[in-house]
Amino acid sequence: MRPFLFSKSSAINQALAKKNGTTQYIAGGTNLVDLMKKHIAEPESLVDITSALPAKIEVTAKGIQIGAMVRNTPLANDAIILAKYPLIAKAVLAGASPQIRNMASTGGNLLQRTRCPYFYDVTTPCNKRKAGSGCSAIPGENRMSAIVGYSDQCIAVHPSDLCVALAALDASVKVQDKSGKTQSIAFTDFHRLPGTTPERDNNLPANALIHSIEINENAFAKNCAYVKVRDRDSYAFALVSVAAALNLKDNQIVEARLASGGVAHKPWRWLEAEQYLKGKTANAATFEAAADIAIKDLRAQSHNGFKIPMLKGAIETALQQCLNR
Amino acid sequence: MGFFDEPFDLMTPPEGRVEGVAKVTGSGKYAAEYKVNGLCHAVLVGSTIAAGTILNINTSNAKQVAGVLGVITHLEKPVVPGMADEEKIKEARFGLPVFHTDKVYFKGQPIALVIAETLEDATYAASLVSAEYREDAKTVDFNGTLGFVSLTPAGKDRGDITALNSAAHSIEAEYNIKAEVHNPMEMHATIAEWTADDKLKLFDKNQGVNNVQRTFAKLFNIPVNHIEVISEFVGGGFGSGLRVWPHALACIMAAKLVKRPVKLMLTRPQMFYSVGYRPASWQKIKLGANADGKFIGIHHQAKNGTSVYENFNEGITRVTRLIYNFDNLKAEAATVPLNLSTPTWMRGPGDCTGDFAIESAIDELSYKLNIDPVALRMKNLALEKNPETGLPWSTNYINECIEKGAQMISWKDRKAAHSQNIEGDWNIGYGMAVGAWNAGRGNASAGIQMQKDGSITVQTAMTDIGTGTGISMQNIAHETTGISKSKIKIELGNSNLPPAPSQGGSNGLSSIGGAVVAAVNALKLKLAEHAALQNEAYKNVAAADILLSDKGISLKTANSQFFISYASLWEKNKLGILEVEASSGPGAERQKYAFCSSAAHFCKVRVNRKTGKVKIERLVTVSDGGKIISEKAAANQMSGAAVGGIGMALMEEQATDERLGTLVGNDFAGYHFPVNADAPIIEVAFINKPDPNINPQGSKGLGEVGIIGTAAAIANAIYNATGKRLRDLPITPDKVLLG
């Protein structure tokens, strides 16, 4: 690890004032410390923002606001979350380990970087780590890589579970910049596709910090599920994951949400499948048809063709689980 | 056998470990945890290419970092006498001639070592070392390369395998297993201190202090007793500590260079290419039986990966000769050199690899024959004698393991045909397999120190890598002396203590148990010698006639008036600490009998048809380890091995990238071994019958058989659930889905 200056800020504007090209912020540190140890992140100064950002979950006029510094464990155990937005808790608990969840922050969860093994191995080319150096995963070991939304420069996937649930629930990201101005970014616009700039993971402005996450009230609390298929049953990143939520009237689907992790550079919404589900009867045939729509245009890498049938099965399973109250 | 005949009291929980409190409170010191005055830190720099020659190393940036004390490369180093030239390197048989060559054989091979005041300084400075190379062609692709090496006979043929051609039913299939990495919880570490020019003290993580001592005595050309190796607590080994690895030598070289004690601890990513691994393997089995299920013969071919600088043959076909009667048998093997570090023994080495293929093939054959897999095995087990040597088994209760395991898992609930047991999206299946291991014993020594109050300390150089050696030594000392366990202290893992073999191959307890008994006998005779000065009845008595207790000595054959308290014995003879040492080892029984440990594994799985996910619902492991000396430690061994078997079956895989010549995902995010969520409570049972010939306590080693057969039991259960015969490990969800 390269030596660095360390300071602590107790207010968001104070932290933002310290922002420059060689500064990085540290909250839970569950990803950044790894990146620093591996010389992937080499900040000259590190600003501890654990006391600078909101750490509360608050009910607002429209729904709920989750402070950027709310750690994963209290987020997953929060009474309001469990009652009204249980999909969030399900997704959080499917990720990492209890120790990591105790440390990891909500804001940091959005900003965690891919777990593509080549990104972490500085002896190998990686366009995300070093723009223009090439992608090792495309001709290499790409079992965990993307099956949708990738480019010829990067096939990495976003590793978060929480973000999949937030994307499904149409959350928004409230960011605050140096001038004190806040703006709201739709969650599905927050993360980027790799395109020709895979080194950029998201659209967080350079001089801004995530302040909080906002979710509007919705009718999905009763019928939602998070299914994560992985090589081991805890502390493993998703091969594919599915967040599913249904607003049911009797057995008719009024509205549906379907999003996935482990498939793309960002949490992926299956909008066409959602559209299909609307107005249909909630049953196995409907779910299978929706899953078929989701997978119809996917194109796998050399080693992850399995992800397409696995995704289909995971979507069907997640939708089915929405019915098990 | 008079051992351990006390009835098991259900109200008393089985005992833990003698070192348990020290472990859970943190007072027990692992190698890297010792406080040594003047300690500094060393960090290895690995090559960034997989094959070639180092042309130039730039260490000047590293040397400028504040706190850096020195840098070692092949160009600047204290020369190790045993590696002074090519000839000596060959003779030393150390493996990688670390810092004594400009050749690079695998990516991550140490090319420099940075020593600094703090770990942080050393780590940072190490990141500033760079090198230029001339790259050579390389390969890390086992399956792509194995076709280029030819098989050679692995042992003598039995009969003639052309007999297989007339078999009523036969199976011919190939099996592939990816490389697996031991990954003990404690990373390998060494603290090295030269206490004089030719005297070395090491705190080191390993599985055999005397082996470490011998290795470095040879390399540095100094007497063995000038090297002290301390390994009191070892956080798991699984075979990775059975060799002395380059990092330990590098640490000693660093201590020589900076003339200070140096600590070197491998990082977790370095653990993947520094201390061995189970090599990738390929096997082909041809197995045939007559119509009623009697095996006709087997043709077993196997290849495993090795490094380009050293040959490691895993011995995959050894187990083929052990368990069943094959009148006709042919075994062939080869190793495949790759630009990877040298593999080594990993739990159940060779046998658990070979056994997966054999036990999978037998299962497959059972469906062809329409005979229950349990019945098919029972019909063909070699229960009387070792089919290879012809020697009668001293004991072999593998059939009882199978019977008990079948009963425990309720084997009768299994459907004979596959895919018949379905609940929603889940298919349920049962599978079983057996495993066996040649039960060994080595020469070992133990010492006893006795105090006036009757308390004793039992000592050996043998390590306890978590297997329960310490508690078992205490149990044996208690049973043979009659002294309360609370008055028996155990000291081990130190080369100053009586010598013992390395703890590997399930030989630890089998070896040290006899030494403890011998030391107890020596203690009894020594006490009797002193007692004889007070009472002539003690003159020339046999150890077997001497009784000890917490209070004193007496004679079995005489009445209680011969009792002499330790206090009076000590006072009369002006004794201080009474010390004895004794050795014990295998003898003529090895010419008369064959010895094996065995286990039967039964598994119930659920397989999700939609996602390919396999959930192990039950895993039963019944083993014959002779007399069980310490039930809790033994059960811990078996359940740990079974969990290792789950890893082998379902997820452990060291991926490689052929284009880049590199390991992929060499960390805990990339390399999956099972966690609690992946394993049910492992149901462990023992046959628990003493082997009267192997050693005084009647115990046979257990560490290996817990994993030999586990993966096959799981794969066979997956077949029973789904009809998918998966012959390549690990069976990750993708293989189930596409299989």
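If you're wondering where the values come from, they're calculated on a predicted model, not measured in any experiment. (Residues numbered from 1 in each chain as written. Chains lettered and ligands numbered in written order. Predicted model: local features only at pLDDT ≥ 70, side-chain atom pairs only at ≥ 80, totals over all residues.)

Draft legend 1. Main features of the overall build of chain B. The number of helices and strands found in chain B is 18 helices and 30 strands. Projected onto the principal axes, the alpha-carbon positions of chain B cover approximately 80 × 70 × 50 Å. Out of the 739 residues in chain B, the part that is buried amounts to 59%. Pairs at least 24 apart in sequence give 81% of the contacts found in chain B among residues at least 6 apart. (Helix = DSSP H or I, 4+ residues; strand = E, 2+ residues; numbered from the N terminus. Buried ≥ 20, exposed ≤ 12 C-beta atoms within 10 Å, placed from the backbone. Contact = placed C-beta atoms within 7 Å.)

Draft legend 2. How the structure looks around the sheet that holds strand S2 (residues 23-26) of chain A. All names here are of chain A. Ordered by their spatial adjacency, three strands build an open sheet running S1-S3-S2, and the pairing between neighbours is parallel. Either end of the sheet is taken by a strand with one partner, and the two such strands are strand S1 (5-8) and S2. Across the sheet, the mean angle separating the axes of adjacent strands is 25 degrees when strand polarity is ignored. Where S1 and strand S3 (residues 45-48) come together, four bridges link them in parallel fashion. Residue pairing for S3: Phe-6 is matched across the bridge by Leu-46. (Pairing = 2+ DSSP bridges. Axes fitted to C-alpha atoms, helices over the stretch in contact; angles between N-to-C directions.)

Draft legend 3. Here's a closer look at the domain arrangement of chain B. Residue and element names in this part refer to chain B. As assigned here, chain B comprises domain 1 (31-137 + 186-236 + 241-274), domain 2 (281-440 + 591-738) and domain 3 (441-585). Its C-alpha centre places domain 2 at a distance of 39 Å from the equivalent point of domain 3. Contacts between domain 2 and domain 3 engage 21 residues on the former and 18 residues on the latter. Of all the elements, helix H16 (residues 631-650) adds the most residues to the side of domain 2 that touches domain 3, at four residues. (Domains from an automatic or database assignment.)

Draft legend 4. Structural context of the nonpolar core. Within the largest apolar cluster, 330 residues are counted, with the highest numbers of intra-cluster contacts made by Leu87(A), Val114(B), Ile714(B) and Ile718(B). Residues within four places of Val114(B) in sequence aside, it is in contact with Ala42(B), Val43(B), Val45(B), Ala62(B), Val68(B), Val71(B), Ala122(B), Ala125(B), Ala126(B) and Val129(B). (Core = buried A, V, L, I, M, F, W, Y, C linked by C-beta atoms within 7 Å.)

Draft legend 5. Structural context of the domain arrangement of chain A. Domain boundaries in chain A define domain 1 (5-50) and domain 2 (223-322). Between the C-alpha centres of domain 1 of chain A and domain 2 of chain A there is a distance of 36 Å.

Draft legend 6. Molecular detail of the confidence of the model for chain B. Averaged over every residue, the pLDDT of chain B is 96; residues scoring 70 or more account for 98%. Confidence metrics for the complex model read pTM 0.97 and ipTM 0.97. (pLDDT = per-residue confidence, 0-100.)

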